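Spelled out, the chains give:
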Amino acid sequence: MSRRALPTLIALILAGLWGAGLGFAHWRGHLWFLDRVEATMTDLRTLVRGTAEPPELITIVAIDDEAVRHEGTYPLSRATLARLVDTIAGLGPKAIALDLLLVDPGAKDNDAALARSLGRGRSVIAAAAVYPGGEQWAEGEGPLARVPNAERFLWPLKAFSDAAAVGVVNVVTDKTGTPRFVPLLFRAGDQLEASFSLRVATMAAGEDPEIAPDHLSLGGRPIRTDIGHILPLTFYGPRGTIRTISAATVLEGQLDPGTIRDRIVVIGATATGTGDVFPTPFDPILPGVEVMSTAIAHLMTGDGTVRDQYVRLADAGFATVLPMILVGLLAWRRNASGLAAIAGVVLIWFVVNMTAFSHHIWLSAALPMAAAVPPAILFGAAQLWLGRSRAQFFATQSQLLQRVEASGMGEWLAKHGDFLSDPVRGDAAILFIDLSGFTGLSETLGPVATRELLNNFHALVDEEVTRCGGVVTSFMGDGAMILFGLPEPATNDAFNAARCCVGLSSRTNDWLASLPASTASRLGFKIGAHHGTIVASRLGSEGRQHIAAIGDTVNVASRLMEIAADQNADVAVSDKMLAVAGRDCALFKSGTLKGPVETQIRGRSGALAIWFWQSARTARIRP
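All values reported here derive from a predicted model rather than from experimental measurement.

**Details of the overall build of the protein chain**
Then step 1. A count of helical and extended segments in the protein chain gives 21 helices and 25 strands.
Then step 2. Considering the protein chain as a whole, with its 623 residues, one finds that 49% of them fall into the buried category.
Then step 3. About 29,600 Å² of surface is accessible on the protein chain, with carbon and sulfur atoms providing 57% of the total.

**Looking at the packing of helix α4 (residues 78-89) against helix α5 (residues 108-119)**
Then step 1. α5 packs onto α4 with a crossing angle of 20 degrees between their chain directions and a minimal axis gap of 8 Å. When the interaxial angle is binned, α4 and α5 end up roughly parallel. Remark: the crossing between α4 and α5 carries left-handed chirality. In this structure, α4 uses R78, A79, L81, A82, V85 and D86 to contact α5, whose residues at the interface are N110, D111, A113, L114, S117 and L118.

**Examining the packing of aromatic side chains**
Then step 1. Per the stated rule, a full pass over the model turns up 6 aromatic pairs.
Then step 2. Between the aromatic rings of F24 and W27, the centroid separation amounts to 6.2 Å while the plane-to-plane angle is 40 degrees, which identifies the pairing as tilted. One end of the pair is F24 and the other is W27, both in helix α1 (residues 5-28) and 3 residues apart, which spans about a single turn.
Then step 3. Since its relative accessible area comes to 33%, W27 is described here as partly exposed.
Then step 4. Considering the side-chain rings of F588 and W611, the 6.3 Å spacing of their centres and the 65 degrees angle between planes classify their relative orientation as edge-to-face. Highlighted residues: F588 in helix α20 (residues 586-589) and W611 in strand β25 (residues 607-614), separated in sequence by 23 residues.
Then step 5. Looking at F588, the relative accessible area reads 25%, which means it is partly exposed.
Then step 6. Against the face of W362 rests R307, its NZ or CZ located 4.4 Å from the ring centre.

**With respect to the side chain of H531**
Then step 1. You can see H531 is positioned in strand β21 (residues 524-540).
Then step 2. Other than its neighbours up to four places away in sequence, H531 contacts D427, A428, A429, A494, T553, S574, K576, M577 and V580.

**So, the nonpolar core**
Then step 1. Counting residues in each nonpolar core, the largest one holds 43 residues, and the members touching the most others are L431, V461, I482 and L587.
Then step 2. Of all the elements, helix α16 (residues 493-514) adds the most residues to this core, at 9 residues.
Then step 3. Counting 39 residues, the second-largest nonpolar core is a separate cluster that includes V182, L185, I242 and L299.

**Quick look at a nonpolar patch on the surface**
Then step 1. A surface patch of nonpolar side chains, amounting to about 550 Å² of accessible area, comprises L6, L9, I10, I13, L14 and L17.
Then step 2. Tracing the sequence through the fold places L6 in helix α1.
Then step 3. Residue L6 is classed as partly exposed on the basis of its relative accessible area of 44%.

**Observations regarding unusual backbone geometry**
Then step 1. Here the bond from Y74 into P75 is cis, since omega is 0 degrees, no more than 30 degrees from zero.
Then step 2. With respect to the helices and strands, the residue P75 is situated in the loop between α3 (65-71) and α4.
Then step 3. Positive phi outside glycine occurs at H229, with the angle close to 55 degrees.
Then step 4. Within the secondary structure layout, H229 lies in the loop between β12 (221-223) and β13 (230-232).

**Structural notes on the side chain of R263**
Then step 1. Here R263 lies in the loop between α8 (247-251) and β15 (264-269).
Then step 2. For R263, which is buried and forms no salt bridge, the nearest opposite charge comes from E56, at a distance of 4.1 Å.
Then step 3. At 2.9 Å, the side chain of R263 forms a polar contact with the backbone oxygen of G258.

**A short note on helix α18 (residues 552-566)**
Then step 1. Over its 15 residues, α18 runs 21 Å from end to end, which matches the ideal 21 Å to within 8%, given 1.5 Å per residue.
Then step 2. Along α18, the residues classified as buried are T553, V554, V556, A557, L560, M561, I563 and A564.
Then step 3. Looking one or two residues beyond α18, the residue adopting positive phi is N568, at roughly 60 degrees.

**Overview of empty space enclosed by the protein**
Then step 1. Under the counting rule described, the total for this entry stands at 3 cavities of 30 Å³ or more.
Then step 2. In this model, the largest cavity occupies a volume close to 110 Å³.
Then step 3. In terms of lining, the largest cavity is formed by T42, T46, R49, P179, R180, L233, T234, F235, P281, T305, F357 and W362.
Then step 4. Going through the elements one at a time, α2 (35-49) and β7 (179-183) are the ones with two or more residues in the lining of the largest cavity.
Then step 5. Tallying contributions element by element places α2 first for the lining of the largest cavity, with 3 residues.
Then step 6. When grouped by side-chain class, the residues that make up the lining of the largest cavity number 6 nonpolar, 4 polar and 2 charged.
Then step 7. By volume, the second largest cavity is sized at about 40 Å³.

Cut-offs applied
Per chain, residues are indexed from 1 in the order of the written sequence. In view of the model being predicted, local features appear only for residues whose pLDDT reaches at least 70, and side-chain atom pairs are presented and counted only at 80 or more, with totals across whole chains, interfaces and linings using the full set of residues. Processing note: side-chain calculations cover all non-hydrogen atoms of the structure and skip hydrogens and water entirely. Secondary structure is summarised from DSSP: a helix means a run of H or I of at least four residues, a strand means a run of E of at least two, and numbering begins at the N terminus for each. Categorising residues by exposure relies on relative accessible area from a 1.4 Å probe, with only protein chains included: less than 20% of the type maximum marks a residue as buried, more than 50% marks it as exposed, and the intermediate range marks it as partly exposed. All accessible areas in this document rest on Shrake-Rupley with a 1.4 Å probe, and a residue is counted as covered only by the protein chains that are shown. Here an angle of 0 to 180 degrees is reported between the N-to-C directions of two axes, which are lines fitted to C-alpha atoms, with helices fitted over the stretch in contact. Note on angle classes: values under 35 degrees are labelled roughly parallel, values over 145 roughly antiparallel, values of 65 to 115 roughly perpendicular, and the remainder oblique. By the definition used in this description, the sense in which the near helix is turned from the far one sets the handedness, with an anticlockwise turn below a right angle giving left-handed and a clockwise turn giving right-handed. In what follows, a contact means two residues having at least one pair of non-hydrogen atoms within 4.5 Å. Pairing of aromatic rings covers Phe, Tyr and Trp, the last through its six-membered ring, and needs centres within 6.5 Å; plane angles under 30 degrees mean stacked, over 60 mean edge-to-face, and all others mean tilted. By the criterion adopted, a ring carries a charge over it if an Arg CZ or a Lys NZ lies within 6 Å of its centre and within 35 degrees of its normal. Joining through side-chain atoms within 4.5 Å is the link that ties buried Ala, Val, Leu, Ile, Met, Phe, Trp, Tyr and Cys residues into a set, and such a set is a nonpolar core. Within the patch definition used here, like charges are joined within 9 Å and nonpolar side chains (Val, Leu, Ile, Met, Phe, Trp, Tyr) within 5 Å, considering only residues with over 30% relative accessible area and no salt bridge. The term salt bridge refers to a side-chain nitrogen of Lys or Arg lying within 4 Å of a carboxyl oxygen of Asp or Glu. Only four residue types enter the tally: Lys and Arg on the positive side, Asp and Glu on the negative side; His and the chain ends are excluded. N or O atoms within 3.5 Å of each other form a polar contact, as long as, within protein, one can give a hydrogen and the other can take it, and as long as residues adjacent in sequence are counted only when both atoms are side-chain atoms. Expected span of a helix: the number of residues minus one, times 1.5 Å. Note on definitions: the grid is 1 Å and covers protein atoms alone; a cavity is a set of points where a 1.4 Å probe fits but cannot get out; a pocket is an open set with protein on both sides within 12 Å along at least five of seven lines; lining residues have an atom within 4 Å of a point. Grid points are joined across faces, edges and corners, and a volume is the space filled by probe spheres set on the points. Here the term charged refers only to Asp, Glu, Lys and Arg, the term nonpolar to Ala, Val, Leu, Ile, Met, Phe, Trp, Tyr, Cys and Pro, and the term polar to all other amino acids, Gly among them.

This is how it looks when you write it as structure tokens:
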């Protein structure tokens, strides 16, 4: 496994574990800190999905401002409520539900009249749960541990509860007060009670619900609930979306019987100032009776949003996989294509989430965001930091390389890492320069002075060779090998090599003249130059390599330095080199050029035509 793959694998595992941990907590219902984000995302998805047509089986009879004006008082008297119930019951509804808390006694006759009215038909009245510390719900122990656990219940008067079924009207709201769930079951100690909406649905269906550990069934149809048997709410639209008629219309006898017959009728207060209102995505003041009616509609038709253990398990899967995908894409590409791939994955997830929501499946939006965003940001930041560190490292290495190699060669190697990985055969001009008398001088100078002397000489050679477009392939103590033709050959390589011979001669003479007389008198130099075919390649092991040129051309150029010294010349250059450089090269334009002279090269059969060049300064010094 590569050094880069291991950190990526570790990051993928950590991202998956982070997502899986959040997913497990979500599956258990313990990610309360994401509720506000999830609520906002749910509201947005609800608005995008838009309003929906409510079922026809529910009619709300509203005790609204008109009814209050009609009666002249609020709350309506129990006698008026009795008349209201009797009128509705006479039109044949499936069930009558009073979303009103009848906990305080009224006039004895009026209470008796209402109790008689409730007892004549299938009716449900409301109770309320009181929670310890004001919390909406708390966990307990046992098979129904996740069912909302109340401290006590506020029951209606016994006369009313004896005449009608009773259900608890509490809802589960988020931090903004928006109802998100309606609990179907409540408990207080060992006492278990059904919710108002479940009682009404049971009354209308004519069957008792079957309660299982993870769901309920009504009329043979499963009701998919969330943790603790709570029913997710999906609002149809703003207030009045569910058919609503005024109680005044009923009391005045102007009611259309078709709006009551075979329907569930829910009576509740909507008058201004009653306080029983909730904010929803569609309306900031949806009456509580419409919230209850929405829950009843979900139970009767199954058109609500599904969020149960299986949906939560799917959420956990997304929370595990999504961060691993994003981290993997960040590791794969840190450019435009990688960002496009990440955007594509996020878009696919959004489409899947929105499509599921539009089909009444409530996949979490906050959980995958919480699972994916932190690992992606941390990994991306780590990648940027490592990338910057690597860039700094490679910049330092490049600078070091350019200090070790010739400037042109260093820049080329930085851009072309595979340069000369395979040997290259071609024509090039080769120069060798060497200081004469240096070995004997170094014995008397000492190491520090010798190093300083060599350093100045090497800098001189490097500057002049770079100026002429050549490359110093190696420094060999008091000498150097110079090549014209790397990293790429050019038609003027020999011409530039000739110019370099003259430049090196001139600058070396100037440098020697600047040295103390005791040093300068013991030093000299010679240059050999040749042109021909070479083989350039990398030599060495995998851990340490250097660029070298080999071949007969290199050997001849090296031997020409000896011949230059024997002939008391600055430069010994082959006839071939001058022929390729041309009559306009620097060796013809300055100094004294003599030749050609057929000369035997040590270690080589046959003679070679050699020219000898001497600068004007050297000619004066060496007559």
